[in-house]
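Single-letter residue listing:
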Amino acid sequence: LRMNIVPEAVVSTQSTGVKENREKLEKFKSDTILHWYEHTKVVPKKASFMNKEVTVLEQIDHILSNKERLITRTNQNRNTVKFFGESDMDSHPYIFNDDDFYQQLLREIIDKKMGNIDKNDPDSMGRQWAELQKLKVKTKNKVVDTKASKGRKIRYDVHSKLLGFMAPVSTDSLSDSRQDELFKSLFASNN
């Protein structure tokens, strides 16, 4: 057997190419994350979970720094799911629970809806609560016509009346006699 040995110069150029690609991908990833974070953020910038200004990339790096902790947090059996043939356990590899993430999103949305309201003032909190309840009622109640099902009622949209209607003006370059000749040649029978 003959083995092909790759020279070290080729390996070093390949590794530099891989490093360059990895750097480009890292830059693209961070730019994309920042771009979409700015477009989708719910609450304006404020102190984050560590009581200081932290960018979203630093938050992601902090969360991903301890992957074992992240995996155990998402494998938590918070709904007391029982697997057949297994005893009760706090975590399981087949469970993926991201309730923490959605609770954080819900907190941010509520903070945005509440605006800059003083949390200690019961009057402003009550007014804000009433406004939220009105929004909730608006989204719940839908008017449904129960008699319209099974083809018992015709559904149609009324169109506005046609204004300024005029028959099309012909802009043909052929005269009437030439048009007659053309149609006779196209549709005439060969008898």
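For the structure, see preceding data.
Note that the structure is predicted; figures quoted are calculated from it, not measured. (Residues numbered from 1 in each chain as written. Predicted model: local features only at pLDDT ≥ 70, side-chain atom pairs only at ≥ 80, totals over all residues. Heavy atoms only, no water.)

A.B. asks: It is not clear to me how the overall build of the protein chain should be interpreted in this structure. Could you clarify?
C.D. replies: Counting its secondary structure elements, the protein chain contains six helices and zero strands. When its helices and strands are written in sequence order, the protein chain yields α-α-α-α-α-α. Here the protein chain, with 191 residues, has 9% of them falling under the buried criterion. In the protein chain, once contacts between residues fewer than 6 apart in sequence are set aside, the share between residues at least 24 apart is 16%. (Helix = DSSP H or I, 4+ residues; strand = E, 2+ residues; numbered from the N terminus. Buried < 20%, exposed > 50% of the residue type's maximum accessible area, 1.4 Å probe, protein only. Contact = heavy atoms within 4.5 Å.)

A.B. asks: What should I look at first to understand the packing of aromatic side chains in this one?
C.D. replies: Two measures describe an aromatic ring pair: the distance that separates the ring centres and the angle between the ring planes. Under the definition given, this model contains one aromatic pair. Ring plane angle 75° and centroid distance 5.1 Å describe the contact between Phe101 and Tyr102, whose orientation is recorded as edge-to-face. (Phe/Tyr/Trp six-rings, centres within 6.5 Å; stacked < 30°, edge-to-face > 60°.)

A.B. asks: It is not clear to me how the pattern of salt bridges should be interpreted in this structure. Could you clarify?
C.D. replies: Note on pairing: side chains with opposite charge can pair once their charged atoms come close. Overall, the coordinates contain three salt bridges when judged by the stated rule. In this structure, Lys29 and Glu26 form a salt bridge, with 3.5 Å as the shortest nitrogen-oxygen distance. With Lys29 and Glu26 both in helix H1 (residues 8-40), this residue pair falls three residues apart, about one helical turn. Lys29 gets classed as partly exposed once you look at its relative accessible area, which sits at 41%. According to the relative accessible area criterion, Glu26 is partly exposed, its value standing at 44%. Here Asp31 ties to Lys27 by a salt bridge, and the two come within 2.9 Å at their closest N and O atoms. Here Asp31 pairs with Lys27, and both are found in helix H1, just four residues apart, close to one helical turn. Accessibility expressed as a relative area gives 38% for Asp31, which makes it partly exposed. (Salt bridge = Lys/Arg side-chain N within 4 Å of Asp/Glu carboxyl O.)

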